[in-house]
Amino acid sequence: MASHDSASLPSAARRSLRHVRAAQLRTRATRQAIIQMLLGTVFLIGALSYARAPDRHAQASLAWMSGLLVLSTLDAALGLRTLVRLRLRRRFAWVWTAATGAWALLSLVVLAVLLRG
């Protein structure tokens, strides 16, 4: 098998290969960001399931709920930051911060409602 060296390719082909590689890296980063968001959702579901447990006011349950809520918010923030940086560029760089704040606030509200009920 002959190995292809990028130096032997014309400049247009090298440029095309760079564009293809950049697209592949963007796709991989997008996929990882979506997985990060799904992981955050799983942690949020775990916190909500602790909030529906019979012993939800026990100290251990509250600690687990708090930890899962923090992990959920962290994973959502990382996933949202990556998606915004890939798709919206610099113009809307603040969007991920606002979306993460909304995620955390809504999670806390839902958890508080479930703990009271």
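The shown structure was predicted, so the numbers you read here are calculated from the model rather than taken from an experiment.

Asker: Whenever I open this one, the overall build of the chain confuses me. Can you help?
Answerer: Secondary structure summary: the chain contains 3 helices and 0 strands in total. Moving toward the C terminus, one meets the helices and strands of the chain in the order α-α-α. Seen through its principal axes, the chain has C-alpha atoms that stretch 70 × 40 × 15 Å. A sequence separation of at least 24 residues applies to 66% of the contacts in the chain between residues at least 6 apart.

Asker: Hey, could you run me through helix 1 (residues 11-51) in this one?
Answerer: Given 3.6 residues to a turn, an α-helix orients residues that are three or four positions apart in the same direction. The terminal C-alpha atoms of helix 1 lie 60 Å apart, and with 41 residues this matches the ideal 60 Å at 1.5 Å per residue to within 8%. Looking only at helix 1, the buried set comprises Thr 30, Ala 33, Met 37, Gly 40, Leu 44, Gly 46, Ala 47 and Ala 51. As for helix 1, its buried residues are in contact with helix 2 (59-87) and helix 3 (95-116).

Asker: I would appreciate a short explanation of the side chain of Thr 73 in the present structure.
Answerer: Here Thr 73 shows up in helix 2. Setting aside anything within four residues of it in sequence, one finds Thr 73 in contact with Thr 100, Trp 103 and Ala 104.

Asker: Before we go on, may I ask you to explain the packing of aromatic side chains in this structure?
Answerer: Geometry of an aromatic ring pair is reported as the spacing of the ring centres plus the angle between the planes. Applying the stated rule across the entire model yields 1 aromatic pair. The interplanar angle of 5° and the centroid separation of 6.2 Å between the aromatic rings of Tyr 50 and Trp 64 together place this pair among those described as stacked. Remark: Trp 64 occurs in helix 2 and Tyr 50 occurs in helix 1; sequence separation between them is 14 residues.

Asker: What is the right way to look at the nonpolar core in this model?
Answerer: Soluble globular proteins: nonpolar side chains tend toward being buried together. With 12 residues, the main nonpolar core is built from Met 37, Leu 44, Ala 47, Ala 51, Met 65, Leu 68, Leu 69, Ala 76, Leu 80, Trp 103, Leu 111 and Leu 115. At the level of secondary structure, the elements contributing two or more residues to this core comprise helix 1, helix 2 and helix 3. Setting aside residues up to four positions removed in sequence, Leu 115 forms contacts with Ala 51, Arg 56, His 57, Leu 62 and Met 65.

Asker: Would you explain the side chain of Thr 100 in this entry?
Answerer: Position of Thr 100 among the secondary structure elements: in helix 3. What makes Thr 100 buried here is its relative accessible area of 11%.

Asker: Quick question: what am I supposed to make of the packing of helix 2 against helix 3 here?
Answerer: A pair of packed helices is characterised by two quantities: the angle between their axes and the separation of those axes. Running from N to C, helix 2 and helix 3 point in directions that differ by 155°, and their axes come no closer than 9 Å. In terms of their interaxial angle, helix 2 and helix 3 are classed as roughly antiparallel. Considering the relative orientation of helix 2 and helix 3, their crossing is right-handed. Every residue of helix 3 that contacts helix 2 at Leu 62, Met 65, Leu 69, Ser 72, Thr 73, Ala 76, Ala 77, Leu 80, Arg 81 and Val 84 is listed here: Val 95, Trp 96, Ala 99, Thr 100, Trp 103, Ala 104, Ser 107, Leu 108, Leu 111 and Leu 115. Its residues assigned to classes, the contact of helix 2 with helix 3 shows 15 nonpolar, 4 polar and 1 charged.

Asker: Before we go on, may I ask you to explain the environment of Leu 68 in this structure?
Answerer: Its location among the elements puts Leu 68 in helix 2. What makes Leu 68 buried here is its relative accessible area of 12%. As a C-alpha pair, Leu 68 and Ala 22 span 46 residues in sequence and 35 Å in three-dimensional space. Discounting chain neighbours no more than four positions away, the residues touching Leu 68 are Phe 43, Gly 46, Ala 47 and Tyr 50.

What counts, and where the lines are drawn
- Residues numbered from 1 in each chain as written.
- Predicted model: local features only at pLDDT ≥ 70, side-chain atom pairs only at ≥ 80, totals over all residues.
- Heavy atoms only, no water.
- Helix = DSSP H or I, 4+ residues; strand = E, 2+ residues; numbered from the N terminus.
- Contact = heavy atoms within 4.5 Å.
- Expected span 1.5 Å × (residues − 1).
- Buried < 20%, exposed > 50% of the residue type's maximum accessible area, 1.4 Å probe, protein only.
- Phe/Tyr/Trp six-rings, centres within 6.5 Å; stacked < 30°, edge-to-face > 60°.
- Core = buried A, V, L, I, M, F, W, Y, C linked by side-chain atoms within 4.5 Å.
- Axes fitted to C-alpha atoms, helices over the stretch in contact; angles between N-to-C directions.
- Parallel < 35°, antiparallel > 145°, perpendicular 65-115°, else oblique.
- Left-handed = near helix turned anticlockwise from the far one by under 90°.
- Nonpolar A, V, L, I, M, F, W, Y, C, P; charged D, E, K, R; others polar.

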